[in-house]
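This is what each chain is made of:
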Amino acid sequence: MQLRIHYYALMREQAGRSEETLDTSAATPADLYAELLTRYGFTLTREQLKVAVNSEFSDWSQPLTAGDAVVFIPPVAGG
Amino acid sequence: MQLRIHYYALMREQAGRSEETLDTSAATPADLYAELLTRYGFTLTREQLKVAVNSEFSDWSQPLTAGDAVVFIPPVAGG
Amino acid sequence: MRFRFTPAAIDTCAARRELLDLGAGGYVSFEGWVRDHNEGQEVMRLEYEAFQELAVKEGERIVAEALRRYPVKQALCIHRVGSLDLSAMAVWVGVSSAHRGEAFDACRFIIDEVKHRVPIWKKEHYRSGDSGWVNCERCAEPGHRHDPSHDHVHHGEPAVLAIQK
Amino acid sequence: MRFRFTPAAIDTCAARRELLDLGAGGYVSFEGWVRDHNEGQEVMRLEYEAFQELAVKEGERIVAEALRRYPVKQALCIHRVGSLDLSAMAVWVGVSSAHRGEAFDACRFIIDEVKHRVPIWKKEHYRSGDSGWVNCERCAEPGHRHDPSHDHVHHGEPAVLAIQK
């Protein structure tokens with residue numbers, strides 16, 4: 001299954017890219033983060049993040065479907 | 001003793017003047033207000049007012065001296 | 001002078017510049033605007049009148065109190081006098097501080113105290129042709145003590161002291 | 001749109017005009033300025049980055065919540081993105097309402113929620129040459145639940161998530 005991933009801020013810097021299209025067997029955002037954590041060595045744990053699927057906040061256990069756009073959201077600091 | 005009185009807002013309208021110099025035997029602002037209440041028929045009671053002597057808030061029982069400038073202050077409504 | 005009067009429109013851009021501070025991360029401002037109604041009457045315009053000598057002293061004391069009470073950087077209040085049309089700005093308060101919480105608290109403190117303590121009066125002119133001097137409801141109650149430290153809060157509309165036909 | 005981003009300086013005069021309302025007697029605005037220090041480090045400039053698609057939705061939800069919670073007339077929030085120098089305005093919130101209390105409350109609600117819920121990130125560049133992504137202290141604690149309704153308040157300085165040499 002192909003997913004689209006966008007990276008922002010600290011995660012963008014640690015992944016070394018702002019987006020990518022990934023072939024993966026990850027069934028949920030939780031699975032996907034575990035896979036990417038291994039690949040990029042992110043310093044943030046899943047507990048420090050939120051996740052968005054198709055530009056809406058999502059659960060970590062929501063099933064992913066082909067073509068979904070996923071964003072892992074580090075702690076925010078607007079204002 | 002001569003005193004200078006300034007009137008503002010509702011009291012200015014009811015007195016029909018914005019200032020006057022008055023010859024009076026009033027020993028305190030309380031005495032002075034009683035005298036002026038009779039003369040001008042002010043609708044505000046002394047309990048609704050504050051008083052200033054020489055541009056500072058004052059007690060109603062503070063002795064007045066010749067040349068003092070007195071202002072009776074109706075309920076305020078800035079802003 | 002951290003409290004002053006102006007007979008012309010308040011220049012908020014110039015006033016804001018006086019509060020710039022490299023150590024400030026938050027800035028809160030309040031503007032009082034002339035509203036089109038009060039106590040069920042349609043308002044056409046307002047007149048503000050002040051006992052300026054005492055008002056400036058009392059206003060300065062309020063801003064100084066705010067600077068003592070809250071850890072803010074700068075604070076300033078400017079009040080209009082004269083005739084004001086609908087939507088005109090009657091008063092402006094600005095506060096800058098390192099953190100936003102204190103700026104909100106200090107700004108609110110200043111406008112609350114200015115409305116209750118500074119000798120300024122407001123005459124409303126209504127569509128009906130009547131006019132009236134407005135005042136704080138509780139201040140108008142006979143026996144209400146004009147203690148400068150009283151901290152009552154306005155709920156609802158201010159009362160009208162005397163309606164003139 | 002009652003929440004939006006801009007890559008250029010925020011035009012507060014134009015934004016304020018959007019909030020004019022003949023029934024409004026009070027207007028409160030908040031500005032977030034780039035401060036010259038954070039956590040004991042001297043800050044030289046900031047970069048803001050946003051996940052704009054989601055941020056605009058979440059920002060709009062926050063302003064809509066403020067309009068439901070508080071009886072205010074109009075509310076608007078504008079946030080900068082890109083590189084900001086010291087004293088630059090990073091965010092602006094404006095609220096108009098009939099009475100001032102609600103305008104203060106709604107303005108504070110909006111900026112508090114925006115800082116905690118909207119996906120915007122801030123990178124500080126220090127005089128030392130280091131840089132760091134800033135975040136809310138409590139949000140950075142492992143196990144802290146990112147419940148959109150949580151209402152914690154910031155005390156003191158925001159923490160730095162990761163310092164880069």
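Residues numbered from 1 in each chain as written. Chains lettered and ligands numbered in written order. Predicted model: local features only at pLDDT ≥ 70, side-chain atom pairs only at ≥ 80, totals over all residues. Heavy atoms only, no water.

### A word on the packing of helix α2 (residues 52–69) of chain C against helix α3 (residues 100–117) of chain C
All names here are of chain C.
Then comes step 1: The N-to-C vectors of α2 and α3 enclose an angle of 155°; their axes lie 10 Å apart at closest approach. As far as their axial angle goes, α3 and α2 are roughly antiparallel. Once α2 is placed against α3, the crossing between them reads as right-handed. Facing α2, whose interface residues are Glu58, Arg61, Ile62, Val63, Glu65, Ala66 and Arg69, α3 presents Ala106, Phe109, Ile110, Glu113, Val114 and Arg117. (Axes fitted to C-alpha atoms, helices over the stretch in contact; angles between N-to-C directions. Helix = DSSP H or I, 4+ residues; strand = E, 2+ residues; numbered from the N terminus. Parallel < 35°, antiparallel > 145°, perpendicular 65-115°, else oblique. Left-handed = near helix turned anticlockwise from the far one by under 90°. Contact = heavy atoms within 4.5 Å.)

### Some words on the sheet that holds strand β3 (residues 50–53) of chain A
Residue and element names in this part refer to chain A.
Then comes step 1: Taken in spatial order, the five strands make up an open sheet running β2-β1-β5-β3-β4, and their pairing is mixed. Only two strands of the sheet have a single partner each, and these edge strands are β2 (19–23) and β4 (56–58). On average, adjacent strands in this sheet sit at an angle of 35° to one another, irrespective of strand direction.
Then comes step 2: Sheet topology places β3 next to strand β5 (residues 69–73); four bridges connect them, and they run antiparallel. Residue pairing across strands places Lys50 opposite Ile73, the latter belonging to β5.
Then comes step 3: Here helix α2 (residues 29–40) sits on the sheet and contacts β1 (2–6), β2, β3, β4 and β5; the angle it forms with β2, its principal contact strand, is near 110°. (Pairing = 2+ DSSP bridges.)

### So, the sheet that holds strand β7 (residues 89–97) of chain D
Then comes step 1: Taken in spatial order, the eight strands make up an open sheet running β1(C)-β5(C)-β7(C)-β2(C)-β2(D)-β7(D)-β5(D)-β1(D), and their pairing is mixed. Two strands bound the open sheet, and with one partner strand each, they are β1 (3–6) of chain C together with β1 (3–6) of chain D. Within this sheet the neighbouring strands show an average axis-to-axis angle of 15°, counted without direction.
Then comes step 2: Judged from the eight bridges that link them, strand β2 (residues 26–33) of chain D and β7(D) form a sheet pairing that is antiparallel. By the bridge assignment for β7(D), D:Ser29 is matched with D:Gly94.
Then comes step 3: Here helix α2 (residues 52–69) of chain D sits on the sheet in contact with β1 and β5 (74–80) of chain D, set at roughly 140° to β1(D).
Then comes step 4: Of the strands in this sheet, β2 (26–33) of chain C together with β1, β2, β5 and β7 of chain D touch helix α3 (residues 100–117) of chain D, which is tilted by about 150° from β7(D).

### Re the interface of chain D and chain A
Then comes step 1: In this assembly, 34 residues from chain D lie in contact with 24 residues from chain A.
Then comes step 2: Taken over both partners, the interface formed by chain D and chain A buries close to 2500 Å², and the fraction arising from carbon and sulfur atoms is 59%.
Then comes step 3: Inspection of the chain D/chain A interface yields four salt bridges.
Then comes step 4: Among the secondary structure elements, those contributing two or more residues to the side of chain D that touches chain A are β4 (41–50), α2, β7, α3, β8 (120–126), β9 (131–135), α4 (137–140) and β10 (159–164) of chain D. (Buried area = accessible area lost by both parts, 1.4 Å probe. Salt bridge = Lys/Arg side-chain N within 4 Å of Asp/Glu carboxyl O.)

### Observations concerning the relation of the copies chain C and chain D
Then comes step 1: Between the two copies, chain C and chain D, the superposition gives an RMSD of 0.0 Å; the rotation angle is 180° and the shift along the axis is 0.0 Å. In symmetry terms, the pair is related by a two-fold rotation axis. Across chain C, the smallest distance between a C-alpha and the rotation axis is recorded for C:Ser29, namely 2.7 Å.
Then comes step 2: Here 100% of the contact residues of chain C are again contact residues in chain D; the copies associate through an equivalent surface. (Least-squares fit on C-alpha atoms with pLDDT ≥ 70 in both.)

### Some points on the confidence of the model for chain C
Residues and elements named next belong to chain C.
Then comes step 1: Averaged over every residue, the pLDDT of chain C is 87; the share at 70 or more is 85%.
Then comes step 2: Overall, residues 137–157 carries pLDDT values under 50, and its contacts beyond four positions in sequence, including any with other chains, amount to 40 contacts.
Then comes step 3: Predicted as a complex, the structure gets a pTM of 0.89 and an ipTM equal to 0.89. (pLDDT = per-residue confidence, 0-100.)

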